[in-house]
Amino acid sequence: MGSSEVSIIPGLQKEEKAAVERRRLHVLKALKKLRIEADEAPVVAVLGSGGGLRAHIACLGVLSEMKEQGLLDAVTYLAGVSGSTWAISSLYTNDGDMEALEADLKHRFTRQEWDLAKSLQKTIQAARSENYSLTDFWAYMVISKQTRELPESHLSNMKKPVEEGTLPYPIFAAIDNDLQPSWQEARAPDEGGEPEHTWLTEMLENWTRTSLEKQEQPHEDPERKGSLSNLMDFVKKTGICASKWEWGTTHNFLYKHGGIRDKIMSSRKHLHLVDAGLAINTPFPLVLPPTREVHLILSFDFSAGDPFETIRATTDYCRRHKIPFPQVEEAELDLWSKAPASCYILKGETGPVVMHFPLFNIDACGGDIEAWSDTYDTFKLADTYTLDVVVLLLALAKKNVRENKKKILRELMNVAGLYYPKDSARSCCLA
């Protein structure tokens, strides 16, 4: 009889290996259409940073233009955090049909509607689950209002195109909330090790109990009574989750598993996964492990602030984990931040080539970068996103890809092993 011990296996899972191998054939065909001959397909990864609704729309623009220019078909990995993941998931649920995606986006923001009743119904339904958390509330009551669509897709919807290699292999980032010190500060444990219920939770519990007692009338309509009961249960659960600051609750399949040596992992009944944008607002760490053998990274930064903060954070992450990453002097990053261009090419002695594309840049925005940032501020509600505002952002994101197509093709040729002038081989250069 085999051992029940759980093993951490380094490298890629066989399913990913198989999908990436099938994707190579599509990449080679795409490179040939771009007039790039290669015996082996280089591994190219496209990354989208976070940035709420701004990142969602801009990422759709990037993917749409990459598809139009024949570049998306040459991509092996597609990774994102936060707002970018909304766009990436839409790509798969629509089988890569960017024209349909754009049309749907414009339609949603033409209507200027949000179905509150349907969103509330979905949230109440989710609250009936044991694993209900603030993530459910956020998805159905906040994100659905911002994007004007209810999240209905699942990872399983992506399975067929990913396995067949017809679309890039997707990677979505999440971090363990319980192991994040800055988040744990909001969860003060009591003597038993469980977070305390705040006055908010107690108030909601008392209000719910009183409300339910008032509903215990002998001739009450059973259907209405059940609906109110579910509503009260939703309010109660949401209050408890808020007091504990519980996000992304999911069962831990390693809970009390005798074969795992990591006691921190095996001692937790549930895991709480939150948006990776709260740590490093970029999926760089997902594609940098040498096991994925990525040759070229196209990093699209949709930040409203410093577009090089993600580079700084990634540099620090790679230094601590001994992962190859191009080194850039802090003084140079500070200089670039004052007037960002549309594209930067970073190269190190080892590791992948990195092309970094700030959304708001002097090439596309001229001297109005601050005005663009204010218009698309992260915390602005969807109500301010009229159709004209959405179309302008889409056009800006597309322009950043289109204007840098030659540079992307040049680096594609380089990683494919073809000759190109020596001046492109500097350790770090501004394109």
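Residues numbered from 1 in each chain as written. Predicted model: local features only at pLDDT ≥ 70, side-chain atom pairs only at ≥ 80, totals over all residues. Heavy atoms only, no water.

**Remarks on the overall build of the protein chain**
Filter applied, for reference: Comment: elements are numbered from the N terminus, with helices defined as DSSP H or I runs of at least four residues and strands as E runs of at least two. Per-residue accessibility, obtained with a 1.4 Å probe over protein chains only, is compared with the maximum for each type, and a residue is labelled buried under 20%, exposed over 50%, and partly exposed between these values. Every residue pair with non-hydrogen atoms within 4.5 Å of one another is taken to be in contact. Note on areas: these come from Shrake-Rupley sampling with a 1.4 Å probe, and a residue is covered only by the protein chains present in the view.
A tally of helices and strands in the protein chain yields 18 helices and ten strands. Of all 431 residues assigned to the protein chain, the portion counted as buried reaches 48%. A separation of at least 24 residues holds for 75% of the contacts in the protein chain among residues at least 6 apart in sequence. Total accessible area on the protein chain stands at roughly 22,600 Å², and carbon and sulfur atoms take up 53% of it.

**Some remarks on the packing of helix H2 (residues 52-68) against helix H3 (residues 83-93)**
Two quantities define a packed helix pair, namely the angle between the axes and the distance from one axis to the other. Heads up, the condition is: To obtain each axis, a line is fitted to C-alpha atoms, and for helices this fit is confined to the stretch in contact; angles are then taken between N-to-C directions over 0 to 180 degrees. Throughout, the term roughly parallel applies to angles under 35 degrees, roughly antiparallel to angles over 145, roughly perpendicular to angles from 65 to 115, and oblique to all others. In this scheme, a crossing is called left-handed if the near helix is turned counterclockwise away from the far one by less than a right angle; it is called right-handed if the turn is clockwise. Gly is placed with the polar residues, together with every amino acid not listed as nonpolar (Ala, Val, Leu, Ile, Met, Phe, Trp, Tyr, Cys and Pro) or charged (Asp, Glu, Lys and Arg).
With their axes 6 Å apart at the nearest point, H2 and H3 run at an angle of 40° to one another. Classed by the angle they form, the pair H2 and H3 counts as oblique. In this structure, H2 crosses over H3, and the sense of that crossing is right-handed. Contact with H2, carried on its side by Gly52, Leu53, Ala55, His56, Cys59, Leu60 and Leu63, involves Gly83, Ser84, Trp86, Ala87, Ile88 and Leu91 of H3 and no other residues of that element. Residues that form the contact of H2 with H3 fall into these classes: nine nonpolar, four polar and no charged.

**Details of the nonpolar core**
The condition is simple: In these notes, a set of buried Ala, Val, Leu, Ile, Met, Phe, Trp, Tyr and Cys residues joined through side-chain atoms within 4.5 Å is what counts as a nonpolar core.
In this structure, Met66, Tyr77, Val287, Leu298, Phe300, Phe360 and Leu412 are the most contacted members of the largest nonpolar core, which totals 93 residues. Here this core takes nine residues from H2, the largest share from any one element. Not counting the four nearest positions on each side in its chain, Val287 is found in contact with Ala45, Leu47, Ala79, Ile171, Arg292, Val294 and Ile297.

**So, the sheet that holds strand S6 (residues 270-275)**
Here is the rule we go by: Between any two strands, pairing holds if DSSP finds at least two bridges.
Spatial ordering of the open sheet is given by S4-S6-S5, a layout of three strands whose pairing is antiparallel. Among the strands making up the open sheet, the edge pair consists of strand S4 (174-176) and strand S5 (249-251). Each adjacent strand pair in this sheet contributes to an overall mean axis angle of 45°, direction not counted. The sheet contact formed by S4 and S6 spans three bridges and is antiparallel. Across the sheet, Ile175 pairs through a bridge with Val274, a residue of S6.

**Here we look at the environment of Phe325**
Secondary-structure assignment places Phe325 in the loop between helix H13 (309-321) and helix H14 (330-338). We classify Phe325 as buried; its relative accessible area is 6%. Residues Phe325 and Lys347, spaced 22 residues apart in sequence, show a C-alpha to C-alpha distance of 8.0 Å. Apart from the residues lying within four places of it in its own chain, the contact partners of Phe325 are Phe284, Leu288, Ile311, Thr314, Thr315, Cys318 and Val354.

**Notes on the confidence of the model for the protein chain**
Do not read the predicted coordinates in detail wherever pLDDT is low. The test is simple: One confidence number per residue, pLDDT, is output by the predictor and ranges from 0 to 100.
Per-chain confidence: the protein chain averages 82 in pLDDT, with 81% of residues scoring 70 or above. For the stretch residues 181-218, pLDDT sits under 50, and the model shows 46 contacts to residues farther than four places along the chain or on other chains. For the stretch residues 418-431, pLDDT sits under 50, and the model shows 29 contacts to residues farther than four places along the chain or on other chains.

**With respect to the packing of aromatic side chains**
Cut-off, in case you're wondering: Ring pairs shown here join Phe, Tyr and Trp side chains whose ring centres sit within 6.5 Å, with only the six-membered ring taken for Trp; geometry is labelled stacked below 30 degrees between planes, edge-to-face above 60, and tilted in between.
Within the structure shown, the criterion is met by 13 aromatic pairs. Consider the rings of Phe308 and Trp336, whose centres lie 5.7 Å apart with planes at 50°: the pair is tilted. Linking Phe308 in the loop between strand S7 (296-301) and H13 with Trp336 in helix H14, this pair joins segments that are 28 residues apart in sequence. Measuring from centroid to centroid gives 6.3 Å for Phe360 and Trp372, while their planes differ by 40°, and the two rings are tilted. One end of the pair, Phe360, is in the loop between strand S9 (353-358) and helix H15 (362-365); the other, Trp372, is in helix H16 (residues 369-375), and twelve residues separate them in sequence. On the basis of relative accessibility, which here comes to 4%, the residue Phe360 falls in the buried class. We classify Trp372 as buried; its relative accessible area is 18%. Of the aromatic side chains, those joined through ring pairs into one cluster are Phe360, Trp372, Tyr376 and Tyr385.

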